[in-house]
Amino acid sequence: MASLSARAISGMPEVRAGDDLAALIVAALAAEQPAGGLRDGDLVAIAHKAVSKAEGAVVSLADVNPGERARELAAEPVAASDGQGRDPRAVQVVLDESEEIVRAERGVLVCRTRHGFVCANAGVDASNSASPELLILLPRDPDQSARRIRARLRELTGASPAVLISDSFGRAWRHGQLDVAIGLAGIQPLEDWRGRTDAAGRELQATWLAVTDAAAATADLARAKDSGEPVVLIEGLERFATVPDGPGAAALVRPLQEDLFR
């Protein structure tokens with residue numbers, strides 16, 4: 001029987017642009033358990049906002065000049081708050097971060113980002129930012145961010161843990177948000193059971209497990225949204241760990257030609 005543990009790392013300072021995020025993680029871990037540390041096969045799960053802040057992926061609304069489309073969308077009646085307050089400047093940032101507006105209705109913007117993610121507001125919001133006038137964007141290349149952090153953790157500790165960067169996505173058919181993996185290094189994103197058999201010997205036709213989305217959701221359960229603990233250490237996923245960085249979270253994105261809802 002496999003076991004899994006996930007614990008939030010306390011003592012992380014507020015992350016600022018230019019910070020060495022890997023060094024902050026190592027220092028926080030050392031303060032918690034001086035005799036311990038990272039091991040090969042561990043998974044370091046990081047809420048994307050810590051990565052975005054370190055990389056300077058932050059926009060000040062004071063610097064945004066909204067266009068006509070942003071003003072039109074901001075003026076539409078809002079059925080439910082989407083976290084942006086329908087400020088046309090915030091809507092403009094969402095448009096700038098979007099490859100495509102998949103749906104715009106009742107004040108909700110469902111966007112396809114340049115990464116291929118489909119999510120509300122292109123992942124842009126002000127929660128956990130230093131000011132409501134500062135919007136935090138998704139990292140430009142979350143997989144590359146994960147690879148850089150993993151390489152730096154290896155440099156600092158000698159260990160080569162996997163790294164996962166997550167964000168909260170809504171779901172079209174269910175209430176509530178769930179963290180998913182948007183950046184990965186050193187872990188197998190998917191486990192394909194198609195063609196294998198179940199416990200009764202039946203051949204499985206469609207079972208394809210999103211391993212790292214499940215890990216991202218697990219990490220989110222180990223921290224509170226207001227705890228200031230963006231990093232979670234997960235142990236027990238060694239069987240999915242890989243020596244190379246691997247394909248990253250890009251492997252989880254369904255190609256457009258397979259999108260049944262376009």
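Residues numbered from 1 in each chain as written. Predicted model: local features only at pLDDT ≥ 70, side-chain atom pairs only at ≥ 80, totals over all residues. Heavy atoms only, no water.

Undergrad: Which parts of the structure should I look at to understand the overall build of the chain?
TA: Along its length, the chain carries six helices and twelve strands. Taken over C-alpha atoms, the radius of gyration comes to 19 Å for the chain, in line with the 18 Å a tight globule of 262 residues would show. Here the chain holds 262 residues, and the buried ones make up 42% of them. Taking all contacts inside the chain whose residues are at least 6 apart in sequence as the whole, residues at least 24 apart take part in 64%. With the model as given, the accessible surface of the chain reaches about 13,600 Å², and the carbon-plus-sulfur share is 52%. Of the charged side chains in the chain, 29 are positive and 38 negative; the average position of the first set lies 2 Å away from that of the second. (Helix = DSSP H or I, 4+ residues; strand = E, 2+ residues; numbered from the N terminus. Rg over C-alpha atoms; globule rule 2.2 N^0.38 Å. Buried < 20%, exposed > 50% of the residue type's maximum accessible area, 1.4 Å probe, protein only. Contact = heavy atoms within 4.5 Å. Areas by Shrake-Rupley, 256 points an atom, 1.4 Å probe, with all protein chains shown as cover. Lys, Arg positive; Asp, Glu negative; His and termini not counted. Charge placed at Lys NZ, Arg CZ, Asp CG, Glu CD.)

Undergrad: Help me understand the sheet that holds strand β12 (residues 231-235), please; the structure alone is not making it clear to me.
TA: To summarise the sheet geometry, strands pair through backbone hydrogen bonds and adopt either a parallel or an antiparallel arrangement. Ordered by their spatial adjacency, five strands build an open sheet running β1-β12-β2-β8-β9, and the pairing between neighbours is mixed. A strand with exactly one partner marks an edge of an open sheet, and here the two such strands are β1 (5-8) and β9 (174-185). Neighbouring strand axes in the sheet, compared pairwise and without regard to direction, differ in orientation by 30° on average. Here four bridges tie β1 to β12, and the two strands are oriented antiparallel to one another. For Ala6, the partnering residue across the bridge sits in β12 and is Ile234. Packed onto the sheet, helix α6 (residues 211-221) meets β1, β2 (43-47), β8 (162-171), β9 and β12 and runs at close to 115° relative to β9. (Pairing = 2+ DSSP bridges. Axes fitted to C-alpha atoms, helices over the stretch in contact; angles between N-to-C directions.)

These results come straight from atomic positions and should not be treated as a statement about function.
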